[in-house]
Amino acid sequence: MLKIRPTIMSTLTLKLTNMSMAKYFLAVIIGLSSFFFLYQASAQCSVPCTLLWEDEFNGTEVDESIWEFQLGTGSDQGLTGWGNNELQFYRKQNATVANGFLTITARKDYIGGYAYSSSRMRTKNNAEWTYGRIEMRAKLPSGQGLWPAFWMLPTNSPYGSWAASGEIDIMESRGSDPDNIFGTIHFGGNWPNNQYSGGSYRTPTSASDNFYTYAVEWAPTEFRWYIKDDAGTEIHYHTVNTWNSINGPFPAPFDKKFHLLLNLAVGGHFDGNPQPGTIFPNEYIIDYVRVYQTADTIMPPPPPDYTSLLIDDMDHGSPSSNAWFAFGSDIGGGNINGYTGDVAPDYGGSHSLKVDFGSNGQTGFIGGFGKSLSYDVTGMEWFEFWIN
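These remarks concern the structure in this document. (Residues numbered from 1 in each chain as written. Predicted model: local features only at pLDDT ≥ 70, side-chain atom pairs only at ≥ 80, totals over all residues. Heavy atoms only, no water.)

Some points on the side chain of Thr 105
Inclusion rule: Put simply, DSSP marks the helices as runs of H or I at least four residues long and the strands as runs of E at least two long, and each gets a number from the N terminus on. Residue exposure (1.4 Å probe, protein chains only): buried if accessible area is under 20% of the type maximum, exposed if over 50%, otherwise partly exposed. Note on contacts: a residue pair is in contact if any heavy atoms of the two residues lie within 4.5 Å.
Note that Thr 105 resides in strand S6 (residues 101-111). On the accessibility criterion, Thr 105 (4% relative accessible area) is buried. Discounting residues that sit within four places of it in the chain, Thr 105 has contacts with Asn 94, Ser 117, Ser 118, Leu 264, Pro 281, Asn 282 and Glu 283.

Shown next, in the form of structure tokens:
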């Protein structure tokens, strides 16, 4: 979905020690062109960014082509209580969409043998990313034993079971103290040898009475957590740039695709069990979820070890005789060749690539390239091309 405005350059000259560096420099140029486009589109991020994906919850029900409900108690995955001694039974009915909001409601209603019900939903295999800014605007529930979360898990687990393959907690809150917001990553070894690192921030006004935007910016070597109020004041409250996985080098495990999860748990390790004063039903209200590509995640590929240049995959050496590039009833033509004459700049050497275009005498049209050509540039220090 990333759109880059094309730019025509009149001349590009590279003075580099080898073709590997030439390829790498070209990749950097492409990256920079993306950067400048992103800068124009930036509105929500601490670095230039562009919107990749969003769910504004503008329909009348949860879009199950995006969100998959996870139902029950986790026992079907060997995680009774979802691994945290949670007390709720998850079901679809507790997640509703109306008036542009997703509402996840925790109820005390004895479903499936459990005293509480709620909803848990994920985008696994439907919407997943590596890097970017991920944010949610939401109003949080209040009451002992309520645990709203906006988080990410790896779609696959290439580095092992939890938490060797990672977990990204964009926002967690304790219902007993809903204004204290937590952002955390989990990594290291398989449980119980897991590790975590994170921070917290206390909102200046009630996070249960007011909407805040909760975000993480996930770059290849850094996580940054933010909270923004509706007046537009954004606080960068924590950064993490060191982590590990027992089964891969840094930046593993956070170099793979992760998907989103939204849920409201009842009980569990994080905030304990509900108390008599905890009100049910209680709501976790989400306005939107958005994902942006940030400029610091557009990485040029590593330079390959090129020793020759191949211009290939062109159909015919004489386009005009092969009906290439028809313009009305007229045909344009062209070719591409190695050229051994000294061309500008004079210090450019005597080996060049030359592209010719022709119009067969017709106006308003210029034709295309010629046939495949492999041209050995081993040992050369210059590679130059130009477009007029």
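Having seen the model, we can carry on.
Side note on the pattern of salt bridges
Our working definition: Here, a salt bridge means any Lys or Arg side-chain nitrogen found within 4 Å of an Asp or Glu carboxyl oxygen.
A complete count under the given rule lists 14 salt bridges for this structure. Close ionic contact of Arg 290 with Glu 54 constitutes a salt bridge, the shortest N to O distance being 3.7 Å. Of the two residues, Arg 290 sits in strand S19 (residues 282-294) while Glu 54 sits in strand S2 (residues 49-55), which places them 236 residues apart along the sequence. Residue classification places Arg 290 among the buried positions, given a relative accessible area of 17%. The partly exposed category is assigned to Glu 54, whose relative accessible area is 37%. Across the pair Arg 137 and Asp 230 runs a salt bridge whose closest N-O atoms are separated by 2.5 Å. Taken together, the residues Arg 137 in strand S10 (residues 132-139) and Asp 230 in the loop between strand S16 (222-228) and strand S17 (234-240) connect sequence positions 93 residues apart. Take Arg 137: its relative accessible area is 16%, and that puts it in the buried class. Where salt bridges share partners, they join Arg 133, Glu 135, Glu 217, Glu 222, Arg 224, Glu 234 and Asp 296 into one cluster.

Examining the side chain of Ser 165
Counted only if it meets this: Think of a polar contact as two N or O atoms within 3.5 Å of one another; within protein, one of them needs to be a possible hydrogen donor and the other a possible acceptor, and neighboring residues in sequence only count if both atoms come from side chains.
Counting through the fold element by element, Ser 165 comes out in the loop between strand S11 (146-154) and strand S12 (167-174). You can call Ser 165 buried: its relative accessible area is 2%. From its side chain, Ser 165 meets the backbone nitrogen of Tyr 159 in a polar contact 3.0 Å long. Within polar-contact distance, the side chain of Ser 165 engages the backbone oxygen of Gly 160 at 2.7 Å. If near-sequence neighbours (up to four positions away) are discounted, Ser 165 is found in contact with Pro 154, Ser 157, Pro 158, Tyr 159, Gly 160, Pro 253 and Phe 258.

Here's the deal with the nonpolar core
So the rule is basically this: Throughout this description, the term nonpolar core refers to a set of buried Ala, Val, Leu, Ile, Met, Phe, Trp, Tyr and Cys residues connected via side-chain atoms within 4.5 Å.
Residues Leu 262 and Tyr 284 are the most contacted members of the largest nonpolar core, which totals 51 residues. The element that contributes the greatest number of residues to this core is strand S18 (residues 258-266), accounting for 5 residues. Ignoring sequence-local partners within four residues, the contact set of Leu 262 consists of Trp 67, Leu 102, Ile 104, Ser 119, Arg 120, Met 121, Met 136, Ala 149, Phe 150, Tyr 284, Ile 286 and Val 289. Listed in part, the 6 residues of the second largest apolar core include Trp 82, Tyr 90, Phe 182 and Phe 270.

Here we look at unusual backbone geometry
For the bond running from Trp 162 to Ala 163, omega is 5°, close enough to zero to count as cis. With omega at -5°, the peptide bond leading from Phe 280 into Pro 281 counts as cis. With respect to the helices, strands and loops of the structure, Pro 281 is situated in the loop between S18 and S19. In this structure, Trp 82 is a non-glycine residue whose phi angle is positive, near 55°. Within the fold, Trp 82 resides in the loop between strand S3 (68-69) and strand S4 (88-90). In this structure Trp 82 comes out as buried when scored by relative accessible area, which is 5%. Positive phi, close to 60°, is recorded for Asn 85, a residue that is not glycine. By the element assignment, Asn 85 lies in the loop between S3 and S4.

A look at the pairing of S17
Filter applied, for reference: DSSP-based pairing: two strands are paired if at least 2 bridges between them are found.
Two elements, S16 and S17, share 6 bridges in a ladder whose sense is antiparallel. Bridging across to S17, Trp 225 finds its partner in His 238. Counting the residues between successive antiparallel strands, the hairpin from S16 to S17 contains 5 residues, one of them, Gly 232, with a positive phi of roughly 95°.

Details of the packing of aromatic side chains
Put simply, the rule reads: Only Phe, Tyr and Trp rings are paired, with Trp represented by its six-membered ring, and only when their centres lie within 6.5 Å; those with planes under 30 degrees apart are stacked, over 60 edge-to-face, the remainder tilted. A ring is scored as having a charge over it whenever the NZ atom of a lysine or the CZ atom of an arginine sits within 6 Å of its centre and within 35 degrees of its normal.
Applying the stated criterion across every chain, the model contains 19 aromatic pairs. Residues Tyr 116 and Phe 280 carry aromatic rings whose centres are separated by 5.0 Å and whose planes lie at 35° to one another, so their mutual orientation is tilted. Of this pair, Tyr 116 sits in strand S7 (residues 114-118) while Phe 280 sits in the loop between S18 and S19, and the two are 164 residues apart along the sequence. Residue class for Tyr 116 comes out buried when judged on its relative accessible area of 9%. A network of ring pairs unites the aromatic residues Tyr 131, Trp 218, Phe 223, Trp 225, Trp 243, Phe 250, Phe 254 and Phe 258 as a single cluster. One residue, Arg 290, lies across the ring of Tyr 288, its end atom 3.6 Å from the ring centre.

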